[in-house]
Amino acid sequence: MYCLKALSAGFTVALLFASNAFGKSAENYLDLNFRQNRYLGGVQNASQTSNYTFLSGDLNLEAQTPGFNYKLNPMAQGAFEAQDEFYFGVPEAYIEPRKLGPDLGLTIGRRKRAWSKLDEEFNLGIWQPQLRWDYLAPVQQGLTGVFFDWSVGPRTKLTFFTSPLSVPDQGPQFELTNGQFESANRWFVQPQSRVQLFGGTAFSSEAPLYFEIDQPTEEELIMHSSFGLGARHEFEGTPFWVALNYAYKPRNQIHLGIECQNCLNIGSPNTAAEVTAVIHPKIVKHHVATLETGFERADERGWISVTGDIPRESDFPEAYEEAPLNPMVIGGVGFEHYIGALVSKPSWLQYSYMRRWEFERPRDASLFSQDQVESSLDRYPFKEIAALQWKILLMQKNKSRLSMRHRYNSSVPERGGWLSSGLEWNRGVMTLGFGLDILGAEVDANSADAGLFSRYRANDRVFGGLSYVF
């Protein structure tokens, strides 16, 4: 993906120099953030540390001319302690003609859309790709292509989307050194490094496991077509709405196949046996449809959501081991209401819940643990989770604002959860923030019930940062 990063960076610089020529500015800013993370648990390898000092930038350029609207929103992040911990992404970059008609809209490029409230609430990554440098704070990105919108009356809107390409999730950086994966990123899970041979027999033993990557070309990862349809209707005289969206598109998560046919090297009498497996990354398409309904009032809002996700087969050879591509249904609800009268401060409570039903296909036993293969790149981070969030405005005076947020996510299968708390003080263009993330679970990280909280329980952390907007 290095070619893509260079191309995106060059496009950003070019647009920076050209922005004044576009016309009247709509909303332009550069948000620089300096943040210190202190992790409380142990590390996986020598490349990782307990302290990370991040410098990040979020640039937003919006401009208008008589004929077009423009937007470019690139962002970058780097850690002082690790040279390889540099990331770059472009959540949005698009152009809009302004004179198609009062009821017609056209967008060309990458743009974020509200395809599913459930997906956005729990950051599942079903519809839109994510910047997953930090699994607890993924950044939504837009789909890339052509969007055509048609307003059928004042309360009904139709959307059509199509594209010849798709950019998948961007996760933690890693290196493959001497057949073993290494990463300075605390959110990278190393695959198993040893494998059991001849289990259940008198010759049972362990052997070291090494990896190779069959690196696909950028064209093989990106050049995959997609199309989608959407409709939203707001009921006259009521706060209720209903939306239906469908797409046939590439999954945002890269699918992995592991080739290990004849991969066992018995060795000579003076050397130990070893296993070398080849990893084949691949993009798999899926059908995804979401039906949602809800309501929005001044002091409360709620929604109900159901999503069906049917992936296609990977077409890997039968001898390959791979994470399952099972059809699934994901359902959830959410409700938020104002409780300022109870605590004498502007305050909101939010409740949400989701559950995933997966229709498993039979799988043959293999050399690898199914849980290890699945954990190499999670398809979706949660199976069943309930969340409670409280946001309160503690003080607002002149140009100063002090707010606090607490959220607890309870994972039912893991019998654990994630507590996230943050305190933020804003004064004009400067924001000072502090917070913590505490993870816990009662199941083993290799259990079939394992998920985000159990696999990353060592990543409890406290953090603080300073943001300045130019």
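What you see is a predicted model; the values in this text were computed from it and never measured. (Residues numbered from 1 in each chain as written. Predicted model: local features only at pLDDT ≥ 70, side-chain atom pairs only at ≥ 80, totals over all residues. Heavy atoms only, no water.)

A few words on the overall build of the chain. Helices and strands together make up the secondary structure of the chain, namely six helices and 29 strands. Once local pairs closer than 6 in sequence are excluded, the contacts in the chain between residues at least 24 apart make up 63%. Looking at the chain as shown, the accessible area adds up to about 23800 Å², and 58% of this sits on carbon and sulfur atoms. (Helix = DSSP H or I, 4+ residues; strand = E, 2+ residues; numbered from the N terminus. Contact = heavy atoms within 4.5 Å. Areas by Shrake-Rupley, 256 points an atom, 1.4 Å probe, with all protein chains shown as cover.)

A word on a nonpolar patch on the surface. Taken together, the side chains of Leu-100, Leu-104, Phe-148, Trp-150, Val-152, Leu-158, Phe-160, Phe-227 and Leu-229 define a hydrophobic patch exposed on the protein surface, amounting to about 730 Å² of accessible area. Among the secondary structure elements, those contributing two or more residues to the nonpolar patch are strand 9 (143–151), strand 10 (156–163) and strand 15 (226–234). Here Leu-100 is to be found in the loop between strand 5 (82–97) and strand 6 (104–111). The class of Leu-100 is partly exposed, set by a relative accessible area of 39%. (Patch = residues over 30% accessible without salt bridge, like charges linked within 9 Å, V, L, I, M, F, W, Y side chains within 5 Å. Salt bridge = Lys/Arg side-chain N within 4 Å of Asp/Glu carboxyl O. Buried < 20%, exposed > 50% of the residue type's maximum accessible area, 1.4 Å probe, protein only.)

This brings us to the packing of aromatic side chains. According to the stated counting rule, one finds 26 aromatic pairs in the structure shown. Considering the side-chain rings of Phe-295 and Phe-335, the 6.3 Å spacing of their centres and the 45 degrees angle between planes classify their relative orientation as tilted. Of the two residues, Phe-295 sits in strand 20 (residues 285–296) while Phe-335 sits in strand 23 (residues 328–338), which places them 40 residues apart along the sequence. Its relative accessible area of 16% is what places Phe-295 among the buried residues. The class for Phe-335 is partly exposed, based on a relative accessible area of 29%. Each ring, one from Phe-316 and one from Tyr-320, has its centre 5.4 Å from the other, and the planes form 40 degrees; the classification is tilted. Per residue, the accessibility class of Phe-316 equals that of Tyr-320, and both read buried. (Phe/Tyr/Trp six-rings, centres within 6.5 Å; stacked < 30°, edge-to-face > 60°.)

As a further point, take unusual backbone geometry. The phi angle at Asp-315 is positive, at roughly 65 degrees, despite the residue not being glycine. By the secondary structure assignment, Asp-315 is in the loop between strand 21 (300–311) and strand 22 (321–322). Of the residues examined, Asp-315 reaches a relative accessible area of 64% and is grouped as exposed. Even without being glycine, Arg-415 reaches a positive phi, approximately 50 degrees.

Ranked by size, the top nonpolar core spans 34 residues in total, and within it Phe-122, Leu-124, Ile-330, Met-354 and Phe-382 carry the most contacts. Counting residues per element, the ones that place at least two in this core are strand 3 (51–64), helix 2 (117–122), strand 9, strand 16 (240–250), strand 23, strand 25 (384–397) and helix 6 (452–455). The biggest single contributor to this core is strand 16, with three residues. For Met-354, the contacting residues outside a window of four places in its chain are Leu-118, Phe-122, Leu-124, Ile-330, Gly-331, Gly-332, Phe-382, Lys-383, Glu-384 and Ile-385. Ranked by size, the runner-up nonpolar core spans nine residues in total, among them Phe-211, Ile-258, Cys-260 and Val-275. (Core = buried A, V, L, I, M, F, W, Y, C linked by side-chain atoms within 4.5 Å.)

Next up on the list: the side chain of Arg-113. Tracing the backbone shows Arg-113 in the loop between strand 6 and helix 2. Engagement of the side chain of Arg-113 in a polar contact is seen with the side chain of Asp-149, the distance being 2.8 Å. Excluding its chain neighbours within four sequence positions, the residues that come into contact with Arg-113 are Thr-107, Glu-120, Gln-128, Phe-147, Asp-149 and Thr-159. (Polar contact = N/O pair within 3.5 Å; in protein donor to acceptor, adjacent residues only side chain to side chain.)

Before going further, it helps to examine the pattern of salt bridges. Applying the stated criterion across every chain, the model contains 13 salt bridges. Asp-134 is paired through a salt bridge with Arg-461; the nearest N and O atoms lie 2.7 Å apart. One end of the pair, Asp-134, is in the loop between strand 7 (130–131) and strand 8 (139–140); the other, Arg-461, is in strand 29 (residues 461–469), and 327 residues separate them in sequence. With respect to burial, Asp-134 and Arg-461 carry one shared label: buried.

This next bit is on the side chain of Ser-403. Position of Ser-403 among the secondary structure elements: in strand 26 (residues 400–411). Looking at Ser-403, the relative accessible area reads 19%, which means it is buried.

The next thing to look at is the pairing of strand 27 (residues 416–427). Look at any regular strand and the pattern is simple: side chains alternate between the two faces of the sheet. Bridge analysis of strand 26 against strand 27 gives twelve bridges, and the strand direction is antiparallel. In the strand pairing of strand 27, Ser-403 is matched with Glu-424. What sits between the antiparallel neighbours strand 26 and strand 27 is a turn of four residues, in which Arg-415 has the positive phi angle 50 degrees. For strand 27 and strand 28 (residues 430–440), the ladder comprises eleven bridges, and the chain directions are antiparallel. Residue pairing across strands places Leu-419 opposite Ile-438, the latter belonging to strand 28. Linking strand 27 to strand 28, which pair antiparallel, is a turn of two residues; within it Gly-428 sits at a positive phi near 65 degrees. (Pairing = 2+ DSSP bridges.)

The predicted model of the chain has a mean per-residue pLDDT of 86, with 84% of residues at 70 or higher. Here residues 1–25 scores under 50 on pLDDT; set against residues more than four positions off or in separate chains, the count is 34 contacts. Taken as a whole, residues 369–377 scores under 50 in pLDDT and shows 21 contacts with residues more than four places along the chain or in a different chain. (pLDDT = per-residue confidence, 0-100.)

Turning our eyes to something else, we now look at empty space enclosed by the protein. For the structure on display, the rule yields five cavities of 30 Å³ or more. Approximately 80 Å³ is the volume found for the largest cavity. Among the elements of the structure, strand 9, strand 10 and strand 16 are those that each provide at least two residues to the lining of the largest cavity. For the lining of the largest cavity, the class distribution of residues is six nonpolar, five polar and two charged. (1 Å grid on protein atoms, 1.4 Å probe; cavity = no way out; pocket = protein on both sides within 12 Å on 5 of 7 lines; lining within 4 Å. Points joined across faces, edges and corners; volume = space filled by probe spheres on them. Nonpolar A, V, L, I, M, F, W, Y, C, P; charged D, E, K, R; others polar.)

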